[in-house]
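# Summary of the model geometry
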Amino acid sequence: MNKRFKKVLVANRGEIAIRVFRACNELGIRTVAIYSDEDKNSLFRTKADESYLIGRNKGPVEAYLDIHEIIKIALKRGVDAIHPGYGFLSENPEFARKCEEVGIEFIGPTHEIMEKLGDKIQSKIVAHNVGVPIIPGIEKSVYSKEEALEYADYCGYPVILKASAGGGGRGMRVVRNKEDLIKEYYSAKNEAKKAFGIEDIFIEKYIEKPKHIEVQILGDKYGNIVHLYERDCSIQRRHQKVIEFTPAFSITEEQRKGICNDAIKIAKAVNYRSAGTVEFLLDSSGNHYFIEVNPRIQVEHTVTEMVTGIDIVESQILIAEGYSLDSDEIGIKSQKDVKPRGYSIQCRVTTEDPLNKFAPDIGTIDTYRTGSGFGIRLDGGNGFTGSNISPYYDSLLVKITSWSRTFEDAARKSSRALKELKIRGVKTNVPFLINVLNHEDFLRGRCNTGFIADNPELFD
Ligand code: ADP
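Everything in this summary refers to the structure shown in the same document. Fair warning: this is a prediction, and the values are worked out from it, not measured in the lab.

### Overview of the sheet that holds strand β11 (residues 240–246)
Overall, antiparallel pairing links the eight strands, which are arranged β13-β12-β9-β10-β11-β14-β21-β19 in an open sheet. Of all the strands in the sheet, just β13 (288–294) and β19 (376–380) have a single pairing partner and so form its edges. If you compare each strand with its neighbour and ignore which way they point, the axes differ by 25 degrees on average. Along the sheet, helix α11 (residues 312–321) makes contact with β9 (211–219), β10 (225–237) and β12 (274–282), crossing β9 at roughly 40 degrees.

Laid out in structure tokens, this is it:
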């Protein structure tokens, strides 16, 4: 018997909290927001049916990381399930376990699955064991500088030092020679400790200018797993995604099949449940390598929804309620039922100044007008006239996702919607995004993770 949730709490803020409230609303589920003191005037909390202040004496970020307090509120308010969004506690197995212990459904994979996949080293071992290619490296933490030097000598420079608990493009250092490795080793460890609380780092070969291709996965509680095809997330700045699209039209059909099949192999190896993303790098010779699994909803899930017509957040909730993929509610009887159509592009509009090294800008928004129209979807966070952009949280303001029959047309729609956007009071990256969308190489799919760094004219 499937349980139907009556009340869902979202342990997050901003656009993803609103995204989950919308899905709950459509499913007839009451919604609960939690918010920090700094977020008391934020939009997301007004979009929920109930909202509660948390972390009174904690910092703005720590408030959203307090497992004990969040669960206490959920229990007091009669919540059936918690959606963690992305970031914050979304990849914390302890949080999933605690929810389970008190009888609250965690909308995501089980803590056992998270333990196997949340750590980058651990997940490489899972991939390797099912025959999926991984980037050459040491599949364990490096314990000394000497060990790192020895490995780099063996596999050849450049190499990359990565925090095993890393995420969001942080905790990575590209090292091109021995001197730099000696210099960077301890600072990489310190950075990992500071950002993620765990100082473990590992080392692997650095692949020059690959494409970042990732596969959206959905799995239910009965072992059924499908993929919703791939996304190209190569347009990155400092290893952080800026624009994502689907399909990855510059790869061959054979590459697409290989990557999607390998994603399924990894998901099956851990009996994956809920929505997740399997990430790969594709080198210039066309070989793909697994890099990591994100066991949660991702910022760029919107593009996959636009081409497949599948509501991924709603599917997560239905899966947590116990529906199988082939139920009428979810409606994916088999892989063949996933039929992408057209092209979709997502632009992340941030309150960052592209002319000043993308420094986050803060202040009050005194004009906020958005573009819309056929083929445009907006997933907004805290954008409204009079809203305050604080320095405490990530600078994502609104995601603009377009859909059209051709890639060029989708790019034109995105560009048009960005031009309609009028934001005054804080600086944004809008002019930069428009320059990328109009770039000939971007439109032809001739782009890899080096695209932004290689094209300084994008900043004009
Ligand atoms: P995070 O979890 O912080 O997002 P990922 O492991 O997903 O980190 O990597 C983010 C990005 O960093 C990749 O998309 C790619 O651009 C770059 N990257 C990571 N590992 C390598 C590597 N071995 N070689 C080249 N680029 C890499």
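Don't stop here, the text continues.
### A closer look at the nonpolar core
Membership of the largest hydrophobic core comes to 61 residues, with the highest contact counts inside it found for Leu9, Ile82, Phe95, Leu218 and Ile317. Those elements that place two or more of their residues in this core are β1 (7–10), α1 (14–26), β2 (30–35), α3 (67–76), β4 (81–83), α4 (93–101), β10 and α11. When residues of this core are assigned to their parent elements, the largest contribution, seven residues, is made by α1. Sequence-distant contacts of Phe95, defined by excluding residues within four places in its chain, comprise Ala11, Ile67, Ile70, Ile71, Ile82, Pro84, Leu89 and Phe106.

### Points about the sheet that holds β2
The strand order across the open sheet formed by five strands is β3-β2-β1-β4-β5, and the pairing between neighbours is parallel. Since the sheet does not close on itself, it has two edges, and those belong to β3 (50–53) and β5 (105–106), each with one partner. Two elements, β4 and β5, share two bridges in a ladder whose sense is parallel. Each residue of the ladder has a partner; that of Ala81, found in β5, is Glu105.

### Overview of the pattern of salt bridges
If you walk through the whole model with that rule in mind, you get 43 salt bridges. With a closest N to O distance of 2.9 Å, Lys162 and Glu204 form a salt bridge. Note that Lys162 is positioned in strand β6 (residues 159–163) and Glu204 in strand β8 (residues 201–205), a separation of 42 residues in sequence. We note a salt bridge from Asp328 to Lys333, for which the minimum N-O separation is 3.4 Å. An identical accessibility class is assigned to Asp328 and Lys333; each is exposed. Each of the salt bridges in this network shares a partner with another, and the network as a whole consists of Glu214, Arg231, Lys241, Glu244, Glu279, Glu300 and Arg348.

Cut-offs and rules
Residues numbered from 1 in each chain as written. Predicted model: local features only at pLDDT ≥ 70, side-chain atom pairs only at ≥ 80, totals over all residues. Heavy atoms only, no water. Pairing = 2+ DSSP bridges. Helix = DSSP H or I, 4+ residues; strand = E, 2+ residues; numbered from the N terminus. Axes fitted to C-alpha atoms, helices over the stretch in contact; angles between N-to-C directions. Contact = heavy atoms within 4.5 Å. Core = buried A, V, L, I, M, F, W, Y, C linked by side-chain atoms within 4.5 Å. Buried < 20%, exposed > 50% of the residue type's maximum accessible area, 1.4 Å probe, protein only. Salt bridge = Lys/Arg side-chain N within 4 Å of Asp/Glu carboxyl O.

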